[in-house]
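# Secondary and tertiary structure notes
If you want the building blocks of each chain, they are given just below.
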Amino acid sequence: MKPPTVSPRGAGAIVLFVLAAVLGLTQPGALAAPLPVPQPAPYSASRAAAVNAVKAVKAVDAASPAVRPFDLDNPRQDFLRASTGGLFLHWGLRTAPAHTSCSAWENDVTNGGWTPGYWVKEAQKLHTQYLVLATFHSRLGYARPWPSKIPGSCSTERDFVGELITAAKAKGLKVILYMTDDPQWHAEGGHEWLDSAAYSAYKGSNVDLTTRDGFGQFGYDNFFEVMDRYPDLGGFWIDNDNAYWESHNLYAQIQQKRPGYTLSNNNEDTPIMDMISNEQKTGMSPAYDYPQAVYTAQPRLTEADFKLPSSGAWWYDGSDPAVDRMLTLGRLVTNAGSSVKALMAETARVNGTFPANQASFNTFADSYLDPIWESLHGTEGGGYLHGGLKPGFWNDGAHGVTTVAKADPNRQYVHVLTPPSTSVLRVRDNGYRVSAVTDLRTGAAVSWSQSGGVLTLSGLGDWDPYDTVFKVTTAGRQGILSGVKVSASASASGHAGAAAGDGDHLTYWDSDRTLPVNLTFDLGSAKQVRYVGLNQREDSVVYARSDTEQSARIKDYKVFVSNDGSTWGNAVKTGQLASRRGMQGIDLTAVSARYVRLEVDTTWAAATDTTRYKRLRIDEAWIGTSYATPVNGGQSWNEGQS
């Protein structure tokens with residue numbers, strides 16, 4: 001597997017194709033492909049999709065044009081966007097005990113009692129909505145678990161893929177097929193897994209499958225065979241890009257031939273694909289907060305894939321390592337709290353069953369997740385693009401995330417993964433008026449109060465060992481000023497300061513690598529100012545993962561106010577923002593002013609990170625004229641009190 005990269009190849013053509021497809025303007029032969037490109041299927045909701053696509057194209061960063069999504073409103077994405085996660089299955093020829101004979105492996109799979117229903121049932125225990133089958137995996141022997149007419153690597157007579165698709169569909173789940181572009185492991189374990197001679201005879205020309213180009217041709221043919229065989233497949237999970245596929249417009253042809261398929265790419269953000277997956281990250285603090293290491297901004301479909309046994313191989317190697325429940329559940333919850341899909345990898349044995357520790361965890365997760373499922377499924381991450389209470393680091397060592405119900409933004413949830421050292425939890429309210437708080441798992445009322453921009457829960461104890469969830473009912477936001485004009489002292493082309501105040505999460509202000517730089521808010525007339533709210537663009541990691549991968553967030557800042565927009569005087573607030581995800585509030589001593597200016601002097605990225613050094617991007621910025629007040633004065637009596 002490769003480190004995160006960005007593929008700019010063919011980005012311009014991809015932009016034009018996607019826009020044309022969304023607008024219904026594509027014609028046969030419009031793409032210079034070696035094979036005929038069929039007319040795409042009619043696209044519903046074309047006007048809304050076109051508007052979103054145009055906005056997204058405007059959001060392309062000139063320095064790295066391939067990192068922005070271009071197709072955010074396609075029905076094929078619906079099941080992924082509605083999903084909480086998936087079950088990742090690495091299973092193939094080198095599953096212990098490893099086989100070198102395709103037929104011998106298939107016999108052992110069948111004779112061992114393999115059944116697709118087992119995997120579907122285990123996926124349901126984990127409360128996932130899709131399965132990713134990684135059998136055509138480079139280090140697992142490149143096996144294809146379907147009867148293939150294309151020679152070149154192991155292919156089974158039994159249609160394991162077809163059986164799994166049928167079993168999953170019956171339970172409302174989808175199957176995504178893993179496809180690799182990498183032949184470098186062709187002789188892994190001292191055995192040659194690829195048959196160049198057989199494939200060359202099939203093609204009628206000499207093709208070396210151990211080269212990237214030759215293997216790209218082999219993979220290209222297999223994509224089309226799979227599409228022909230399995231119309232109900234959910235899509236492809238690709239590890240990673242191949243130049244042959246790109247030069248032959250593979251992805252556009254997939255989307256045309258099978259418009260319901262989704263495309264996911266591992267570690268490489270390719271704009272024509274629907275989703276980018278982020279492979280097993282470490283170094284976060286706390287360790288379970290996986291999104292701290294994610295570098296692609298929402299609303300891009302984003303996935304985090306990780307092993308449930310955090311040690312050992314991705315596939316069954318004969319061992320049965322423990323599953324860390326706190327780490328695994330923490331990853332699942334923090335991903336849900338950031339609108340990131342959790343792809344959880346388990347190590348199926350030859351007959352498909354999981355080792356005892358993983359099977360035990362699945363059974364545990366089944367009962368554990370049920371009582372709190374409404375807070376994880378049908379929700380978006382809170383504190384980012386979708387509003388909601390502030391996630392992350394709270395008081396007295398507490399840490400967690402918040403979620404917001406899609407169907408009702410006033411129904412929110414606070415997930416406390418690391419409890420505070422005290423019996424009190426304080427969470428920034430982000431302007432929401434609170435009306436009730438209960439413990440979701442028990443239904444018990446919770447004592448609470450709200451003032452100064454903070455929701456305070458008190459009298460707490462008996463914390464759940466993994467995730468204490470509080471259901472918070474709100475009554476909308478209060479004190480956030482509308483109609484504010486925002487301008488900037490410096491902006492990159494297409495990313496003016498006004499984009500920070502337009503309420504559109506597809507636009508953002510980019511300071512054009514200028515520091516110091518300021519963002520000025522014109523309130524129209526003098527008004528009371530209590531705080532500045534910020535949602536910085538979540539397009540970098542939070543912590544310094546290396547000298548070249550660091551946080552692009554605000555560090556040192558100053559706030560000034562003025563009544564005429566010319567005379568500013570001394571700063572009314574100076575400080576430093578922590579490099580953290582989610583909403584950041586800069587509180588001020590109450591002051592009346594027409595103009596507010598935020599000056600950013602430094603960011604967290606060092607000069608060694610040439611991509612993010614001095615880079616500053618803000619999705620949303622707003623002025624709070626007052627703090628939210630609780631509904632009914634904030635009474636939080638337990639039942640029976642008066």
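Here goes a summary of the coordinates provided.

Criteria and cut-off values
Residues numbered from 1 in each chain as written. Predicted model: local features only at pLDDT ≥ 70, side-chain atom pairs only at ≥ 80, totals over all residues. Heavy atoms only, no water. Salt bridge = Lys/Arg side-chain N within 4 Å of Asp/Glu carboxyl O. Helix = DSSP H or I, 4+ residues; strand = E, 2+ residues; numbered from the N terminus. Buried < 20%, exposed > 50% of the residue type's maximum accessible area, 1.4 Å probe, protein only. Core = buried A, V, L, I, M, F, W, Y, C linked by side-chain atoms within 4.5 Å. Contact = heavy atoms within 4.5 Å. Expected span 1.5 Å × (residues − 1). Pairing = 2+ DSSP bridges. Axes fitted to C-alpha atoms, helices over the stretch in contact; angles between N-to-C directions.

## Quick notes on the pattern of salt bridges
Here the structure, examined in full by the defined rule, presents 26 salt bridges. Between aspartate 159 and arginine 229 there is a salt bridge, with the nearest N and O atoms lying 2.9 Å from each other. Within this pair, whereas aspartate 159 is found in the loop between β2 (130–134) and α6 (160–170), its partner arginine 229 is found in helix α8 (residues 212–229), the two being separated by 70 residues in sequence. Residue arginine 229 is classed as partly exposed on the basis of its relative accessible area of 35%. Glutamate 599 is the salt-bridge partner of lysine 558, the closest N and O atoms lying 3.5 Å from each other. Taken together, the residues lysine 558 in strand β21 (residues 556–562) and glutamate 599 in strand β23 (residues 584–600) connect sequence positions 41 residues apart. Judged by relative accessible area, which is 28%, lysine 558 ranks as partly exposed. Each of Asp510, Asp539, Arg615 and Arg617 takes part in salt bridges that share partners, so that together they form one network.

## Here's the deal with the nonpolar core
Among the nonpolar cores identified, the biggest contains 88 residues, and Trp119 and Phe236 are the most heavily contacted of them. In contact with phenylalanine 236, other than residues within four places in its own chain, are Ile176, Leu177, Met179, Phe223, Val226, Met227, Ile254, Tyr261, Thr262, Leu263 and Ser264. In this structure, Val486, Leu519, Phe521 and Ala621 belong to the second largest nonpolar core, which totals 29 residues.

## What to know about helix α11 (residues 325–336)
Counted at 1.5 Å a residue, the expected span for α11 with its 12 residues is 16 Å, and the 16 Å between its end C-alpha atoms agrees. Of all 12 residues that make up α11, 10 are buried, and the element is covered over most of its length. Listing the buried residues of α11 in full gives Leu327, Thr328, Leu329, Gly330, Arg331, Leu332, Val333, Thr334, Asn335 and Ala336. Looking at the buried residues of α11, the elements they touch are β7 (301–307), β8 (341–346), α12 (356–369), β9 (379–381), β11 (399–405) and β12 (411–418).

## Things to note about the sheet that holds strand β4 (residues 235–239)
The pairing of strands in a sheet comes from backbone hydrogen bonds and takes either a parallel or an antiparallel form. Pairing in this closed barrel of eight strands is parallel, and the strands run β1-β2-β3-β4-β5-β6-β7-β8 around the ring. Averaged over all neighbouring strand pairs, the angle between strand axes comes to 25°, with direction disregarded. Judged from the five bridges that link them, strand β6 (residues 275–279) and β7 form a sheet pairing that is parallel. Paired with glutamate 279 across the bridge in β7 is aspartate 305.

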